[in-house]
Amino acid sequence: MHLANDNVTFLSILSIVLSGVTMALYMLKRDNLWSVIGLHGAWDFIQGNVYGIAVSGTDVGSSIFHFANKTSAPEWVFGGGFGTEGSLITSLVELLFIAYLWHSLKKEKSQAV
């Protein structure tokens, strides 16, 4: 769904794919789809409506705060016009969360046997 959004980059698509894997593993861990729906909704709401950061390339309307990049940092650091989903930092955090969830699910599976 995000491929047609504005300001799409390779890194933003990678991050969204990693987010999908993260959410799938989280759903398996919690055995509850509502937890994933809540995480996704909270991420979008807080990022856009509270912090005023672009959400998946979609410009934000009114928000409580409005963060803007005033540095000359490259887009891969802060996500550019796509928002924080387009940053390398987000991808790294998602990789760490995937590793944690994978290890946790594997441990639970071995204890269940």
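Everything discussed here concerns the structure shown above.
Residues numbered from 1 in each chain as written. Predicted model: local features only at pLDDT ≥ 70, side-chain atom pairs only at ≥ 80, totals over all residues. Heavy atoms only, no water.

A. Looking closely at the overall build of the protein chain. Each helix and strand counted, the protein chain has 4 helices and 0 strands in total. Across the protein chain, helices and strands are ordered from the amino to the carboxyl terminus as α-α-α-α. Counting every position in the protein chain, which comprises 113 residues, the buried fraction comes to 28%. Total accessible area computed for the protein chain in this model is approximately 7700 Å², and 68% of it derives from carbon and sulfur atoms. (Helix = DSSP H or I, 4+ residues; strand = E, 2+ residues; numbered from the N terminus. Buried < 20%, exposed > 50% of the residue type's maximum accessible area, 1.4 Å probe, protein only. Areas by Shrake-Rupley, 256 points an atom, 1.4 Å probe, with all protein chains shown as cover.)

B. Quick look at the packing of helix α1 (residues 10–30) against helix α2 (residues 33–50). α2 packs onto α1 with a crossing angle of 140° between their chain directions and a minimal axis gap of 8 Å. It follows from the interaxial angle that α1 and α2 lie oblique. Both α1 and α2 take part in a crossing whose hand is right-handed. Along its contact with α1, which presents Met-23, Tyr-26, Met-27 and Arg-30, the element α2 presents Leu-33, Ser-35, Val-36, Leu-39 and His-40. For the contact of α1 with α2, the class distribution of residues is 6 nonpolar, 2 polar and 1 charged. (Axes fitted to C-alpha atoms, helices over the stretch in contact; angles between N-to-C directions. Parallel < 35°, antiparallel > 145°, perpendicular 65-115°, else oblique. Left-handed = near helix turned anticlockwise from the far one by under 90°. Contact = heavy atoms within 4.5 Å. Nonpolar A, V, L, I, M, F, W, Y, C, P; charged D, E, K, R; others polar.)

C. Quick peek at the nonpolar core. Counting 8 residues, the largest nonpolar core is built from Leu-18, Met-23, Leu-25, Tyr-26, Val-36, Ile-98, Leu-101 and Leu-105. Put simply, the parts of the chain that give this core at least two residues each are α1 and α4 (88–112). Among the elements that make up this core, the one with the highest residue count is α1 (4 residues). With residues near it in sequence (within four places) discarded, Tyr-26 still touches Ser-35, Val-36, Leu-39, Phe-97 and Leu-101. (Core = buried A, V, L, I, M, F, W, Y, C linked by side-chain atoms within 4.5 Å.)

D. Local environment of the pattern of salt bridges. By the definition in use, this model includes 1 salt bridge. In this structure, Glu-108 and Lys-29 form a salt bridge, with 2.4 Å as the shortest nitrogen-oxygen distance. You can see Glu-108 sitting in helix α4 and its partner Lys-29 sitting in helix α1, a full 79 residues away along the chain. You can call Glu-108 partly exposed: its relative accessible area is 34%. (Salt bridge = Lys/Arg side-chain N within 4 Å of Asp/Glu carboxyl O.)

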